[in-house]
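Chain residues, written in single-letter form:
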Amino acid sequence: MKLGLLVSNMESLNKLVNKKMIPNKAIELVGFIKEVSPEVVAFDNFKSNLFQKYGESKENKTTIKKENQQIFIKEINEYLQKEVEIKIPDLSITDIDDSIEPIILMNLSWLVKS
């Protein structure tokens, strides 16, 4: 699984983890998120370091210098292509015993099967 897929779906994963579900599926999901979290934190640290490397701070806001934007984007995209070896839980919509926003299902269609 690509790191970019995980990073872009963390908000939905965090919403899903707050839903009621069958206990054994909840345990699988929590384990999955515990495995994924260090990868996402590492990405956030990598991105922060790139902001320091290629950016400039003005009025407590860091922006990427125009001449560094292409290399910044290239390095971010390369990092997000990283393959993450992780067991994806086998979740079905019937495992969730709670209402769920359609956007969560759309974002997590690779995780929650209908």
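What you are looking at is a predicted structure, and each value in this text was computed from that prediction instead of being measured. (Residues numbered from 1 in each chain as written. Predicted model: local features only at pLDDT ≥ 70, side-chain atom pairs only at ≥ 80, totals over all residues. Heavy atoms only, no water.)

1. Details of the overall build of the protein
- Along the protein, the regular secondary structure elements total 5 helices and 4 strands.
- Principal-axis analysis of the C-alpha atoms places the extent of the protein at approximately 50 × 30 × 20 Å.
- Taken across its 114 residues, the protein has 34% of its residues classed as buried.
- Nonlocal contacts in the protein, meaning residues at least 24 apart in sequence, comprise 67% of its contacts between residues at least 6 apart.
- Roughly 7,400 Å² of accessible area belongs to the protein as shown, and the carbon and sulfur atoms make up 52% of that amount.
- Side-chain charges in the protein split into 16 positive and 17 negative, and the spacing between the mean points of these groups amounts to 4 Å. (Helix = DSSP H or I, 4+ residues; strand = E, 2+ residues; numbered from the N terminus. Buried < 20%, exposed > 50% of the residue type's maximum accessible area, 1.4 Å probe, protein only. Contact = heavy atoms within 4.5 Å. Areas by Shrake-Rupley, 256 points an atom, 1.4 Å probe, with all protein chains shown as cover. Lys, Arg positive; Asp, Glu negative; His and termini not counted. Charge placed at Lys NZ, Arg CZ, Asp CG, Glu CD.)

2. Describing the confidence of the model for the protein
- Of all residues in the protein, 100% attain a pLDDT of 70 or more, and the chain-wide mean is 91.
- Within the protein, the lowest mean pLDDT, 86, falls on strand E4 (residues 112-113), and the highest, 96, falls on helix H4 (residues 69-80). (pLDDT = per-residue confidence, 0-100.)

3. Here we look at the environment of Lys 66
- Examined against the element boundaries, Lys 66 turns out to sit in the loop between strand E2 (61-64) and H4.
- The exposure class assigned to Lys 66 is exposed, which follows from its relative accessible area of 71%.
- Along the sequence, Lys 66 and Tyr 54 sit 12 residues apart, while their C-alpha atoms lie 9.2 Å from each other.

4. Comments concerning the side chain of Asn 68
- With respect to the helices, strands and loops of the structure, Asn 68 is situated in the loop between E2 and H4.
- In this structure the side chain of Asn 68 is engaged in a polar contact, spanning 3.1 Å, whose partner is the backbone oxygen of Tyr 54. (Polar contact = N/O pair within 3.5 Å; in protein donor to acceptor, adjacent residues only side chain to side chain.)

5. Remarks on the nonpolar core
- Of all hydrophobic cores here, the largest spans 30 residues; its most connected members are Leu 16, Leu 29, Phe 32 and Leu 111.
- Those elements that provide at least two residues to this core are helix H1 (3-8), helix H2 (10-16), helix H3 (23-54) and H4.
- The dominant element in this core, judged by the number of residues it contributes, is H3, at 8 residues.
- Not counting the four nearest positions on each side in its chain, Leu 111 is found in contact with Leu 13, Leu 16, Leu 29, Ile 88, Pro 89 and Leu 91. (Core = buried A, V, L, I, M, F, W, Y, C linked by side-chain atoms within 4.5 Å.)

6. Observations concerning the pairing of E2
- Bridge count between strand E1 (residues 55-58) and E2: 4 bridges; the pairing is antiparallel. Among the inter-strand pairings, Lys 58 is bridged to a residue of E2, identified as Lys 61.
- In this antiparallel pair of consecutive strands, E1 and E2, the connection spans 2 residues, and Glu 59 shows a positive phi of 50 degrees. (Pairing = 2+ DSSP bridges.)

7. Focus on H4
- Across its 12 residues, H4 extends 16 Å between first and last C-alpha, which sits within 8% of the 16 Å expected from 1.5 Å per residue.
- Looking at the buried residues of H4, the elements they touch are H1, H3 and E2. (Expected span 1.5 Å × (residues − 1).)

8. Brief notes about the packing of H3 against H4
- In contact at an axis separation of 11 Å, H3 and H4 are set at 165 degrees when each is read in the N-to-C sense. By the angle between their axes, H3 is roughly antiparallel relative to H4. In this structure, H3 meets H4 at a crossing whose hand is right-handed. Listed contacts from H4 to Ala 42, Phe 43, Phe 46, Lys 47, Leu 50, Phe 51, Lys 53 and Tyr 54 of H3 are Ile 71, Phe 72, Glu 75, Ile 76, Tyr 79 and Leu 80.
- Looking at the contact of H3 with H4 residue by residue, the classes come out as 11 nonpolar, no polar and 3 charged. (Axes fitted to C-alpha atoms, helices over the stretch in contact; angles between N-to-C directions. Parallel < 35°, antiparallel > 145°, perpendicular 65-115°, else oblique. Left-handed = near helix turned anticlockwise from the far one by under 90°. Nonpolar A, V, L, I, M, F, W, Y, C, P; charged D, E, K, R; others polar.)

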